[in-house]
Amino acid sequence: MRKWFLALTFSMAAMAQSPALQFPLWAPQGTAISPESLSVSVGGAKAAILKIHAPADDLMLLVVLDLTDDLAAVQQARTALAERLQMLPTNHFVGVLSAQNGLRVLEDPTGDRKKTQAAMVSQTVGGRAGLLETIEDVARIGSSIIAKSGVRVAVLYVTDSDINNYREAFNNPTINQSDNGDVSRRMDSLVRERISRTVNTLQKTQVPIFISHLTYRTDQLNVAYQTGLISLASATGGTAVVARSISEISSTVNQTLDHILGHYSVSVTLPDPHAKKVDLALENSTGTGLDYRSSFVLGN
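Quantities reported herein were computed from a predicted structural model and do not represent experimental measurements.

*Asks:* Sorry if this is basic, but what is going on with the overall build of the chain here?
*Replies:* The helix and strand tally for the chain stands at 7 helices and 14 strands. Sorting the 300 residues of the chain into buried and exposed places 51% on the buried side. Of the contacts made within the chain by residues no fewer than 6 positions apart, 80% connect residues no fewer than 24 positions apart. Surface accessibility of the chain: about 13,500 Å² in total, with carbon and sulfur atoms responsible for 50%.

Take a look at the structure:
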């Protein structure tokens, strides 16, 4: 366990609710976003724009590896990641973490691409899937970095997780045997319930989370799980993409990185610091459409 991770972990408990709200935003190519062109309402009240970080500005990317299955798929993903990360500008820093069998830091955020690549290669493939067990902690860490620094921060999970490979048994719901018509506890109910609880937690965080899933599975539980991953990412303003074959992995990873690297990060005041939940509404003077996270739960 590294000092960087420990410091962030212990600071989260004492971190007060920030008076500002930071959210990711995407604009059509060729559209410039500025405080003069953008109008933001938070909870129906006009909010002052404190800062807009553009895609060319500093970025801290936390890459979380959750790799337990197919070595061929993992190698394809590692290669695509290494090639793309090598091309990042010098003001983009990358940290590498491992999720399976518990959250571990493999490399602190750095601009040294060789260290990043070495960390990704050093991670063994196997063990128990860890995305669901770690995503809330990673989101809190990312949000803590945002609160302390205000820079653009994003999380990228690269995973091949199978819902049947978690420590928690999602394939054993309690069935009401006395009611033959009871369909409320279908086989995928535990998955959906877990996803719903996790979404509720993630809505209290500010870092966008992106998921690149390397293996598409067609059984009922995994379809529910993969659909749930899309909901988890969407709740944070991020996206989840599932590769349908090994040949799609490279494009899936690059598609996700395109989305991460292209995002603005907008920091605004909270008109009502006591609000428990707020919705955002944005208007751009250029008249172009904007894609942004529009809902947050505030406080603990």
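Alright, that's what it looks like, and here's the rest.
*Asks:* Looking at this structure, how should I read the pattern of salt bridges?
*Replies:* A side chain with one charge can pair with a side chain of the opposite charge if their charged atoms come near. Using the criterion set out here, one finds 8 salt bridges in the structure. A salt bridge links Arg167 to Glu133, with the nearest nitrogen and oxygen atoms 3.3 Å apart. One end of the pair, Arg167, is in the loop between strand E8 (152-159) and helix H5 (189-202); the other, Glu133, is in helix H4 (residues 131-149), with 34 residues separating them in the sequence. Classification of Glu133 as partly exposed rests on a relative accessible area of 32%. Between Asp137 and Arg140 there is a salt bridge, with the nearest N and O atoms lying 3.1 Å from each other. With Asp137 and Arg140 both in helix H4 and 3 residues apart, this pair spans about one turn of that helix. Asp137 sits in the partly exposed class, given a relative accessible area of 35%.

*Asks:* How should the environment of Asp70 be read in this particular structure?
*Replies:* Here Asp70 lies in the loop between strand E5 (59-66) and helix H2 (71-85). Judged by its relative accessible area of 30%, Asp70 is partly exposed. Asp70 sits 56 residues away from Gly126 along the chain, and the two C-alpha atoms are 9.0 Å apart. Dropping the residues within four chain positions of it, Asp70 is found in contact with Asp160 and Ile246.

*Asks:* Would you mind going over the environment of Leu38 with me for this structure?
*Replies:* Here Leu38 shows up in strand E2 (residues 38-42). Residue classification places Leu38 among the buried positions, given a relative accessible area of 5%. Along the sequence, Leu38 and Leu282 sit 244 residues apart, while their C-alpha atoms lie 7.0 Å from each other. With residues up to four places along the chain from it excluded, the contact list for Leu38 reads Leu25, Ile33, Ile49, Ile52, Val266, Leu282, Glu283, Asn284 and Leu290.

*Asks:* Any chance you could explain the sheet that holds strand E13 (residues 291-292) here in plain terms?
*Replies:* Strand pairs in the sheet, formed through backbone hydrogen bonds, run parallel or antiparallel to each other. If you walk across this open sheet you meet the 4 strands as E4-E11-E1-E13, and the pairing is antiparallel. The open sheet has two free edges, formed respectively by strand E4 (49-53) and E13, since each of these has just one partner strand. In this sheet, strand E11 (residues 264-269) lies alongside E4 in antiparallel orientation, the contact comprising 4 bridges. In the strand pairing of E11, Lys51 is matched with Ser267.

*Asks:* How should helix H7 (residues 249-261) be read in this particular structure?
*Replies:* Count 3.6 residues to each turn of an α-helix, and residues three or four apart come out pointing the same way. Here H7 spans 18 Å end to end across 13 residues, near enough to the 18 Å set by a 1.5 Å rise per residue. Among the residues of H7, those classed as buried are Ile249, Thr252, Val253, Thr256, Leu257, Ile260 and Leu261. One side of H7 carries all its buried residues, which in axial view fall inside an arc of 160 degrees. For H7, the elements touching its buried residues are E5, H2, strand E6 (92-98), E8, strand E9 (209-213) and strand E10 (240-242).

*Asks:* Would you mind going over unusual backbone geometry with me for this structure?
*Replies:* The general pattern is negative phi for most residues beyond glycine and trans for most peptide bonds. Of note in this structure, Asn101 is not a glycine but carries a positive phi near 60 degrees. Relative to the helices and strands, Asn101 resides in the loop between E6 and strand E7 (104-110).

*Asks:* Could you clarify how one ought to interpret the packing of aromatic side chains in this entry?
*Replies:* For any two aromatic rings, the description comes down to two numbers: the centre-to-centre distance and the angle of the planes. Taken as a whole and assessed by the stated rule, the structure comprises 3 aromatic pairs. Ring plane angle 75 degrees and centroid distance 6.2 Å describe the contact between Trp26 and Phe210, whose orientation is recorded as edge-to-face. Here the residue Trp26 occupies a position in strand E1 (residues 20-26), and Phe210 occupies one in strand E9, the gap between them amounting to 184 residues. On the basis of relative accessible area, Phe210 is assigned to the buried category, the value being 0%. Taken together, the aromatic side chains of Tyr166, Phe170 and Tyr225 make up a single cluster linked through ring pairs. Over the ring of Tyr216 we find Arg244; its NZ or CZ atom is 3.9 Å from the centre of that ring. Its end group placed over the ring of Phe296, Arg293 keeps NZ or CZ at 3.7 Å from the ring centre.

What counts and how
Residues numbered from 1 in each chain as written. Predicted model: local features only at pLDDT ≥ 70, side-chain atom pairs only at ≥ 80, totals over all residues. Heavy atoms only, no water. Helix = DSSP H or I, 4+ residues; strand = E, 2+ residues; numbered from the N terminus. Buried < 20%, exposed > 50% of the residue type's maximum accessible area, 1.4 Å probe, protein only. Contact = heavy atoms within 4.5 Å. Areas by Shrake-Rupley, 256 points an atom, 1.4 Å probe, with all protein chains shown as cover. Salt bridge = Lys/Arg side-chain N within 4 Å of Asp/Glu carboxyl O. Pairing = 2+ DSSP bridges. Expected span 1.5 Å × (residues − 1). Arc of directions from axis to C-beta. Phe/Tyr/Trp six-rings, centres within 6.5 Å; stacked < 30°, edge-to-face > 60°. Lys NZ or Arg CZ within 6 Å of the ring centre and 35° of its normal.

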